[in-house]
Amino acid sequence: MHCTARNNIAHYFFDKLKEGGIYLLKGFTVQATDQYRILKDSPFVIGLNGSTIVKKVDDASGSFTRYPFLLTAFEDLQPTEGKFFVDVVGYVTDVGPQSVKATGARTVEFNLTNERKRGVRVTLWGQLGDAMLKKKEQNPAVYSIILTSMSAKFHLGALGLSSSTSTMIIDSPEVPALQTFKTSISCVAVGDTSDPITEDVVCVGTLQELVDRVRADKSKKKVILFRNVVEITSIRTKNSWYLFACSGSKCRKGLTREDGYFICKACESKVDYPRTRFRIQADVTDGTMSTVVVLFDEAAEQLVKRTAKSLVEEQLKDTSIDAPILPSALAALIGTKHTFEIKSHTYYHFGDYESFTCAKIVGPGMDDADMSVDTVAIGLGAPPSGSLKRGSNLPPPTPVTGRKLRKFCVEDSDEDDDGVRVDRKDVTDVLDDRRDDEEGSC
């Protein structure tokens with residue numbers, strides 16, 4: 001059972017409770033919760049309070065288990081949805097280098113493999129990642145461990161485990177569960193390859209079916225894939241069609257403006273050369289229903305044949321009050337049909353707004369190699385040929401002065417995004433909204 005003490009009284013128990021000790025508890029509360037618990041099959045939580053009596057006793061009978069792990073087999077793992085944790089055991093052969101996320105958090109990633117050669121991807125955050133690097137250095141060959149209190153979820157069709165603040169790395173040879181696991185792999189050809197635990201992929205042919213399945217699939221264990229022809233009926237301009245992002249090699253976060261400078265809070269640095277990125281919110285339909293699909297740089301450049309930077313510079317040159325909100329290159333997309341590939345994990349829902357992100361535009365001459373699932377035959381449209389690939393002859397970023405930025409910024413007050421131009425204001429005033437909107441959609 002999960003035992004907890006409120007933060008304001010936790011210090012009462014720091015010296016009274018030690019790991020591995022046997023204690024008599026008296027005067028505690030027992031609560032039932034279905035919102036959050038450390039053990040999946042234990043719905044009750046013990047709550048310690050100021051009147052709880054804690055007394056250490058001897059374990060003369062030896063009836064208590066020192067390491068009471070509830071190990072879950074990889075094949076039985078399912079998304080934890082933030083409501084419980086899992087303990088797992090496996091071996092590690094190779095640990096990747098430490099990386100820094102866009103938020104500044106440090107992570108270490110590696111594959112954990114069980115005795116049946118099934119593997120899951122593990123991400124350890126912060127100090128746990130630091131500890132793992134040191135431990136693996138001390139155990140260069142096959143390193144068997146137990147990871148406690150891990151969160152599980154499927155991402156892009158593969159199962160992954162992520163550490164929590166309660167996670168521990170257990171590698172003591174005294175742990176019976178670890179001894180048993182080491183024995184089980186002693187007669188197995190241990191290597192650095194394993195079969196990943198993957199989720200089911202369901203292919204749908206209509207937007208209506210995609211939306212219905214995503215709304216109904218609360219477990220999010222299945223990948224729902226839509227790959228069919230849609231028509232772009234409009235492009236929303238309320239939050240603009242582009243954003244200014246960090247120019248760091250691995251960071252794409254939106255920027256804020258402080259003291260006249262662009263600041264990337266993820267990198268905690270000033271950005272002198274912001275990168276202009278597409279963020280096109282397009283209303284699309286396939287005849288069964290309409291929904292919003294967001295296109296970022298890769299997919300947007302396939303359609304527009306232009307970079308976001310070039311379109312922004314083009315609009316900055318037009319300072320007339322009647323300048324159009326939408327560049328002609330984007331306006332020309334309205335009414336055109338293309339084959340979009342959309343995956344369910346990009347679904348974003350907030351209030352009455354819901355959207356997906358276009359993974360790529362599919363058509364003749366475009367790379368389909370990563371399509372690894374068998375699908376039923378669905379109609380493929382023919383988007384424009386000769387699409388622009390990322391990094392191919394794109395103009396280098398150039399400094400944008402504050403004066404130029406203030407020349408153009410449009411924000412509609414109409415919720416239906418009907419293109420009514422009601423205001424001109426400093427572009428930096430809406431950067432925070434755009435950044436938050438982008439992160440939500442991703």
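In this report, the structure presented in the accompanying data block is examined. None of these values were measured; they are calculated from a predicted model.

### Describing helix H1 (residues 127-138)
Every α-helical turn comprises 3.6 residues, leaving residues that sit three or four positions apart pointing alike.
Now for step 1: Helix length check: H1, at twelve residues, gives a terminal C-alpha distance of 17 Å against a target of 16 Å (1.5 Å per residue), a fit within 8%.
Now for step 2: The set of residues buried in H1 consists of Leu128, Gly129, Met132 and Lys136. Considered in projection along H1, the buried side chains sweep an arc of 95 degrees and stay on one side of the axis. With respect to the buried face of H1, the exposed residues turned more than 90 degrees away are Gln127, Lys134, Glu137 and Gln138.
Now for step 3: Where H1 is buried, its residues meet strand S6 (86-92), strand S8 (106-113), strand S9 (118-125), strand S10 (143-155) and strand S12 (169-170).

### Observations concerning a nonpolar patch on the surface
Now for step 1: A grouping of Met1, Phe28, Val30 and Phe44 is seen on the molecular surface, where their side chains present a nonpolar patch of about 380 Å² in accessible area.
Now for step 2: Within the secondary structure, Met1 sits in the segment before strand S1 (2-5).
Now for step 3: Judged by its relative accessible area of 53%, Met1 falls in the exposed class.

### Digging into the sheet that holds strand S18 (residues 261-264)
Now for step 1: Overall, antiparallel pairing links the three strands, which are arranged S17-S18-S19 in an open sheet. On the outer flanks of this sheet lie strand S17 (256-258) and strand S19 (269-271), each paired with one strand and no other. Each neighbouring strand pair of the sheet contributes to a mean axis angle of 50 degrees, computed without reference to strand direction.
Now for step 2: When S17 meets S18, the two strands line up antiparallel, connected through three bridges. By the bridge assignment for S18, Glu258 is matched with Tyr261.

### So, unusual backbone geometry
Now for step 1: In this model, Ser149 sits at a positive phi of 50 degrees, which is unusual for a non-glycine residue.
Now for step 2: Along the polypeptide, Ser149 turns up in strand S10.
Now for step 3: The phi torsion at Ser240 lies on the positive side, around 70 degrees, for a residue other than glycine.
Now for step 4: In this structure, Ser240 sits in the loop between strand S15 (223-236) and strand S16 (242-245).
Now for step 5: Judged by its relative accessible area of 6%, Ser240 is buried.

### What to know about the packing of aromatic side chains
Now for step 1: All told, the structure shown has seven aromatic pairs when counted by the stated rule.
Now for step 2: Relative to Phe356, the ring of Tyr347 has its centre 5.2 Å away and its plane inclined at 45 degrees; by these criteria the two rings are tilted.
Now for step 3: The class for Phe356 is buried, based on a relative accessible area of 0%.
Now for step 4: The positively charged end of Arg257 is found above the aromatic ring belonging to Phe262, 5.2 Å away from the centroid.

What counts, and where the lines are drawn
- Residues numbered from 1 in each chain as written.
- Predicted model: local features only at pLDDT ≥ 70, side-chain atom pairs only at ≥ 80, totals over all residues.
- Heavy atoms only, no water.
- Helix = DSSP H or I, 4+ residues; strand = E, 2+ residues; numbered from the N terminus.
- Expected span 1.5 Å × (residues − 1).
- Buried < 20%, exposed > 50% of the residue type's maximum accessible area, 1.4 Å probe, protein only.
- Arc of directions from axis to C-beta.
- Contact = heavy atoms within 4.5 Å.
- Patch = residues over 30% accessible without salt bridge, like charges linked within 9 Å, V, L, I, M, F, W, Y side chains within 5 Å.
- Areas by Shrake-Rupley, 256 points an atom, 1.4 Å probe, with all protein chains shown as cover.
- Salt bridge = Lys/Arg side-chain N within 4 Å of Asp/Glu carboxyl O.
- Pairing = 2+ DSSP bridges.
- Axes fitted to C-alpha atoms, helices over the stretch in contact; angles between N-to-C directions.
- Phe/Tyr/Trp six-rings, centres within 6.5 Å; stacked < 30°, edge-to-face > 60°.
- Lys NZ or Arg CZ within 6 Å of the ring centre and 35° of its normal.

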